[in-house]
Every structure is written in C-alpha cells, then in structure tokens.
Amino acid sequence: MGAVAEALLRLSGVGKRFGGVIALEGVDLEVNPGEIASVIGPNGAGKTTLFNVMTGAITATAGAIEFAGRPIGGLRPYRIVRLGLARTFQNIRLFHSLTVREHFRLAQHAAARRGESREAGATRMNELLDVLDLRAAADRPATDLSYGQQRRVEIGRALATAPKLLLLDEPVAGMSREETGAIAALLRRLRERGLTILLIEHDMSFVMDLCDSVTVLDFGNVIACGEPAQIQREPHVLEAYLGREATSA
Ligand SMILES: Nc1ncnc2c1ncn2[C@@H]1O[C@H](COP(=O)(O)OP(=O)(O)OP(=O)(O)O)[C@@H](O)[C@H]1O
Ligand SMILES: [Mg+2]
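Residues numbered from 1 in each chain as written. Chains lettered and ligands numbered in written order. Predicted model: local features only at pLDDT ≥ 70, side-chain atom pairs only at ≥ 80, totals over all residues. Heavy atoms only, no water.

Asks: Got a sec to walk through the overall build of the chain? Specific residues and values, please.
Replies: On a plain count of helices and strands, the chain comes out with 10 helices and 10 strands. Radius of gyration (C-alpha) of the chain: 18 Å, near the 18 Å computed for a compact globule of 249 residues. In terms of overall dimensions, the chain has C-alpha extents of about 60 × 40 × 40 Å along its principal axes. The proportion of buried residues among the 249 residues of the chain is 47%. Counted over contacts in the chain with a minimum sequence separation of 6, partners at least 24 positions apart contribute 67%. Put simply, the chain shows about 12,300 Å² of open surface, and 51% of that area lies on carbon and sulfur atoms. Taking the average location of the 29 positive side-chain charges in the chain and that of its 29 negative ones, the two points are 8 Å from each other. (Helix = DSSP H or I, 4+ residues; strand = E, 2+ residues; numbered from the N terminus. Rg over C-alpha atoms; globule rule 2.2 N^0.38 Å. Buried < 20%, exposed > 50% of the residue type's maximum accessible area, 1.4 Å probe, protein only. Contact = heavy atoms within 4.5 Å. Areas by Shrake-Rupley, 256 points an atom, 1.4 Å probe, with all protein chains shown as cover. Lys, Arg positive; Asp, Glu negative; His and termini not counted. Charge placed at Lys NZ, Arg CZ, Asp CG, Glu CD.)

Put into structure tokens, the structure is as follows:
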C-alpha cells in the first residue's frame with residue numbers, strides 16, 4: 001500500500017526527552033489519506049506526547065515530521081492548524097460560558113479561511129452542528145451540556161478549522177456504551193466525507209471495530225503496527241498490556 005499512496009502524515013525517528021525521561025524514541029509512523037488510524041499503548045507510553053510533537057505544542061528532540069508533503073517540525077501550533085492538522089485534548093478544555101456556536105466560530109476564525117463569505121461560513125456552521133447532532137444545543141453554554149455533548153463540541157471545534165487530518169486523544173474516555181457508539185458512527189461519517197483521522201484510545205473494542213490500522217507504543221517505542229486483527233494476535237502486544245508475568249506463566 002505504502003508504495004502507491006503518499007502518506008498524509010509521516011514521522012521518521014521521532015524522539016522526545018524530558019530531562020532523564022525518554023517519552024518517545026525512534027518513532028516511525030505513517031497515516032494514509034482517508035483512513036482511521038490509531039495509537040494504543042499502556043499509560044505513560046508516550047501517546048499524548050506524540051500528539052504534542054505533531055501539533056507543535058512541544059518540540060521533538062530527534063527525528064522528522066512531514067504533513068501533506070512538507071516538514072512541520074518546529075512550526076508554531078497555529079501554523080500547523082492552518083496547514084490542516086487539528087486535535088482534541090485528553091481532558092475537556094471548553095469555555096464554560098461560551099455556547100456551542102461561539103466555540104465553533106472562534107475555531108473558524110483561528111483557521112482564518114480568507115475570502116469565505118458570511119453565507120459560506122453560516123452553511124459550514126450548520127453542517128457542523130448537524131453532523132455532530134448539536135443543532136438543538138447550538139445556543140446553550142458549554143456548562144449546560146452533557147458529558148457526551150461536551151466531547152462532541154471538542155471534536156466540532158477541531159472540525160471547524162477544516163482539517164485534513166483530525167487527531168483525537170481518547171475521544172470516548174468516560175463515555176457510556178451508547179455515547180461511544182454515537183462517536184464511532186460520527187467518525188465513520190467523517191471518513192466517508194474524506195477526512196483522515198488518527199486517534200488514541202484505551203477502549204480496545206472501539207479501536208478494533210473502527211480503525212483501519214493500529215500502532216502500539218510501549219515505553220516510547222513502537223512495538224507493533226498493522227491491521228487490527230493482526231495486532232490483536234501479537235504476543236508482545238498482549239504482554240505489554242497484560243504484564244510480563246501474565247503471559248509467561
Ligand atoms: N511535559 C512533560 N514533562 C515531563 N514529563 C512528561 C511531560 N509530558 C509527558 N511526560 C512523561 O512522558 C511519558 C509519556 O507521557 P504521555 O502523557 O505521553 O503518556 P500517554 O501514553 O498519553 O499516557 P496515558 O494513557 O496515561 O494518557 C510519561 O512518563 C510522562 O510522565
Ligand atoms: Mg495520554
């Protein structure tokens with residue numbers, strides 16, 4: 001596959017140290033256009049750090065990051081957003097008193113779609129509210145929303161920047177089975193519309209049902225990468241999750 005399709009995102013030998021802590025080491029990762037890719041791994045494996053270096057929140061100490069055919073290592077976060085790479089955070093970060101619509105409008109401005117007419121902006125806003133099932137809540141402040149709705153506002157805020165690649169850090173953490181199913185359906189709809197997605201999740205059934213590819217991180221290193229069915233059978237992946245004793249017994 002790799003020989004035919006040009007990867008949308010490519011990391012080569014990416015490393016990150018925090019003092020004596022090696023959070024990432026020699027990470028290679030490719031995300032192909034139109035796929036839902038995922039990164040899994042135990043707590044502290046380096047997953048969020050990986051998103052932080054991709055989005056310019058922190059700078060990698062080694063390696064190269066290419067997005068849509070150009071190097072983005074060292075670029076400021078707002079420039080990376082404008083190139084089409086948007087993210088959500090592991091913990092909800094909304095402005096309590098701002099409405100859903102206000103959150104989306106701010107994000108649209110941040111992405112600075114020059115020359116977009118008021119009508120086109122309004123159409124995009126309505127599409128966003130519809131795809132996220134937030135039309136009825138559009139003018140309510142974030143603090144009035146359910147947890148599931150707040151999570152969808154976070155996703156909507158990233159989508160409002162019109163990304164090519166959407167990064168989601170644990171999008172279904174703390175959600176009910178029903179809310180999780182709604183997010184899976186939403187992400188499938190977005191993939192059908194041509195969006196590429198890279199997500200971090202601990203919910204294995206969610207990952208295995210939804211994702212086209214899985215990369216496994218353990219102690220900052222990629223220990224496996226492939227299709228979900230194949231990854232589930234890898235003994236060293238099970239070992240990383242279940243602990244060394246459990247699998248050697
Ligand atoms: N800003 C920072 N300063 C110092 N150490 C950090 C910093 N950010 C992350 N780390 C360390 O880097 C390692 C990887 O952390 P990271 O948050 O990326 O893990 P994670 O895979 O996202 O874990 P979780 O599943 O719990 O969210 C951990 O040892 C963490 O303590
Ligand atoms: Mg994390």
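Asks: Give me the lowdown on the coordination of the magnesium ion (ligand 2), citing residues and values where you can.
Replies: Taken together, the protein ligands of the magnesium ion (ligand 2) are Thr48 (OG1) and Gln90 (OE1), with distances of 2.0 to 2.3 Å. With Thr48 in helix α1 (residues 47-54) and Gln90 in the loop between β6 (85-87) and α3 (100-110), this pair connects stretches of sequence that are 42 residues apart. (Donors = N, O, S within 2.8 Å, 3.2 Å for Na, K, Ca; no water.)

Asks: With reference to specific residues and values, describe the packing of aromatic side chains.
Replies: Following the criterion strictly, the structure yields zero aromatic pairs and no others. Over the aromatic face of Phe89 sits the side chain of Arg93, whose NZ or CZ is 3.8 Å from the ring centroid. (Phe/Tyr/Trp six-rings, centres within 6.5 Å; stacked < 30°, edge-to-face > 60°. Lys NZ or Arg CZ within 6 Å of the ring centre and 35° of its normal.)

Asks: Which residues make up the site of ligand 1, and what values do they have?
Replies: Taken together, 14 residues lie around ligand 1, and Gly44, Lys47, Thr49, Gln90 and His202 are the ones closest in. In the environment of ligand 1, an oxygen atom lies 3.0 Å from a nitrogen or oxygen atom belonging to the backbone of Gly46. Taking His202, its side chain carries an N or O atom lying 2.9 Å from an oxygen atom of ligand 1. Burial of ligand 1 by the protein chains amounts to 60% of its free accessible area of 640 Å². Mapped by element, the contributors of at least two residues to the shell around ligand 1 are β2 (21-31) and α1. A per-element tally of the shell around ligand 1 places α1 first, with three residues. When its residues are assigned to classes, the shell around ligand 1 shows five nonpolar, seven polar and two charged. (Near = heavy atom within 4 Å. Polar contact = N/O pair within 3.5 Å; in protein donor to acceptor, adjacent residues only side chain to side chain. Nonpolar A, V, L, I, M, F, W, Y, C, P; charged D, E, K, R; others polar.)

Asks: Could you give an account of the pairing of strand β3 (residues 36-40), with specific residues and numbers?
Replies: Of all five residues in β3, five are buried; the element is thus mostly enclosed. The side-chain alternation of β3 yields two buried faces, one formed by Ile36, Ser38 and Ile40 and the other by Ala37 and Val39. Direction of pairing for β3 relative to strand β8 (residues 196-200): parallel, over a ladder of four bridges. Bridge pairing in β8 places Ala37 opposite Leu198. (Pairing = 2+ DSSP bridges.)

Asks: For the state of the cysteines, give the residues involved together with the corresponding values.
Replies: By the definition in use, this model includes zero disulfides. No disulfide involves Cys211; its sulfur sits 12 Å from that of Cys225, the nearest cysteine. Of the residues examined, Cys225 reaches a relative accessible area of 51% and is grouped as exposed. (Disulfide = S-S within 2.5 Å.)

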